[in-house]
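The residues making up each chain are set out below.
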Amino acid sequence: MHIGIPKETRDGETRVAATPETVKKYVGGKHTVVVERGAGNAARYPDDAYEAAGATLGTAQEALGAGLVMKVRAPDSAELAHMKPGTVVVGMLDPFDADGLAQMAAAGLVGFALEAAPRITRAQSLDVLSSQANLAGYKAVLLAANHYGRLIPMMMTAAGTLKAARAVVLGTGVAGLQAIATAKRLGAVVEASDVRPAAREQVESLGAKFIDVPFETDEEREIAQGTGGYARPMPPAWMARQAALVSERCKQADIVISTALIPGRPAPTLVSAETVAAMKPGSVLVDLAVERGGNCPLSEKGRIVEKHGVTIVGLTNLPGLVATDASALYARNILDFLKLIINADGALAIQRDDEIVAACLVCEGGNVTRRT
Ligand code: NAD
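Residues numbered from 1 in each chain as written. Predicted model: local features only at pLDDT ≥ 70, side-chain atom pairs only at ≥ 80, totals over all residues. Heavy atoms only, no water.

Quick question: what am I supposed to make of the sheet that holds strand 9 (residues 166-170) here?
Hydrogen bonds along the backbone pair up the strands of a sheet, which may run parallel or antiparallel. The seven strands are arranged 11-10-9-12-13-15-14 in an open sheet whose pairing can be described as mixed. Edge positions in the sheet fall to strand 11 (209-210) and strand 14 (304-307), since each of these pairs with one other strand and no more. Both strand 12 (residues 255-258) and strand 13 (residues 284-287) contribute to a ladder of four bridges, which runs parallel. Counted as the bridge partner of Ser258 is Asp287 from strand 13. Along the sheet face, helix 10 (residues 236-252) touches strand 9, strand 10 (189-193) and strand 12 and points at about 150 degrees away from the line of strand 9. (Pairing = 2+ DSSP bridges. Helix = DSSP H or I, 4+ residues; strand = E, 2+ residues; numbered from the N terminus. Contact = heavy atoms within 4.5 Å. Axes fitted to C-alpha atoms, helices over the stretch in contact; angles between N-to-C directions.)

The structure is reproduced here in structure tokens:
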């Protein structure tokens, strides 16, 4: 196939959907690849590295005009205007954005949104949510450490002993678990909360303490199991008990990393404005859920603000801050996914009965095909 790698156009998007490493594999697999000039610059993959891997360099129109286009973010309307009906586009196409899906369908694209892949073992190597959330969790802790005006580990010095920082991690999916591991590596004392009972063992295996919010009804216990590994909205009574416990833990904390999300819904509020007001001056909250409304109402999307003496980091796209590695992992996720839609001869052969393919296919033949 003829594969196009355009430069990402969304503000602040530094990642690229293919690296010289994956381009080399595509070219070796009898594909031709056109990379938009400068597409990898922000991720530190220069044009000559793509050329050395066997790609040709071209314009945005040439990259978007290929039969198979690899993207990080969903194409915007200017990009869609350059894409022919029947173009296959693979990327993080935002499967919950109904308007965006409708636009891609109207443009006649065959769209695969990799975020929609099921969280099953076979899908792990193409799981973009995991590959990117893992880096976000790591970077969140480093950002917190940078904004925290003190040290994280306990230090015994000739001039006296410094206490270890206390970190609270809210939501222990992929990002949260990596945040716990990173905070532990830096020497913090870590506590964590999640609604899914399965999270307890994972939290404890990383050496953190699980903040237990007991279930008081069978309904609470049942909802907390989630669906397909994902959380569901908990009843208000449980949320209120969790908020009270989280508030107590946050007041003692130096660093709070919040990552709690529920697919297709606004992020749950876990750290209220009152809790922030009661937190220690100089403490830091990194709200990884900010793009979906935030786990704290005081978080501001794309900004670092100080409220009641607490630094609240609301930066989005943390994987984009480590764009070289984020792109490397993302590009390998796409490479792996393509095995399900391209045959050994390098021709398009969409395995429609494959559950991963079926879940990721969001539009085709002018229609939105996503089942929500
Ligand atoms: P996510 O980004 O959707 O959500 C982050 C976390 O927030 C989740 O752990 C969720 O339970 C938690 N959360 C939601 N509401 C909360 C609340 N009120 N309080 C505290 N926490 C709350 O999650 P994710 O990182 O995408 O992971 C989702 C699931 O998929 C997890 O169970 C994870 O282990 C699983 N997973 C499986 C595979 C695989 O087997 N292939 C790969 C990756 C992830």
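Now that the structure has been shown, we can carry on.
Looking at this model, I keep getting lost on the sheet that holds strand 3 (residues 56-58). Mind explaining?
An order of 3-2-1-4-5-6-16-17 is seen for the eight strands of this open sheet, with the pairing classed as mixed. With one partner strand each, in any of the chains shown, strand 3 and strand 17 (367-368) form the two edges of the open sheet. The sheet contact formed by strand 6 (residues 110-113) and strand 16 (residues 361-364) spans two bridges and is antiparallel. Within strand 16, the position partnered with Phe112 by the bridge is Leu361.

Got a minute to help me understand the pattern of salt bridges in this structure?
Charged atoms that come close allow side chains of opposite charge to pair. Applying the stated rule across the entire model yields 23 salt bridges. The residue Glu13 makes a salt bridge to Arg73 at a minimum N-O spacing of 2.8 Å. You can see Glu13 sitting in the loop between strand 1 (2-5) and helix 1 (20-28) and its partner Arg73 sitting in strand 4 (residues 68-73), a full 60 residues away along the chain. Of the residues examined, Arg73 reaches a relative accessible area of 14% and is grouped as buried. The salt bridge involving Lys25 is made with Glu21; its shortest N-O contact spans 3.9 Å. Of this pair, Lys25 and Glu21 both sit in helix 1, four residues apart, roughly one helical turn. Judged by its relative accessible area of 47%, Lys25 falls in the partly exposed class. Look at the salt bridges and you will find they share partners, linking Glu13, Arg15, Arg73 and Glu291 into a network. (Salt bridge = Lys/Arg side-chain N within 4 Å of Asp/Glu carboxyl O. Buried < 20%, exposed > 50% of the residue type's maximum accessible area, 1.4 Å probe, protein only.)

Distances and angles like these do not, on their own, reveal function.
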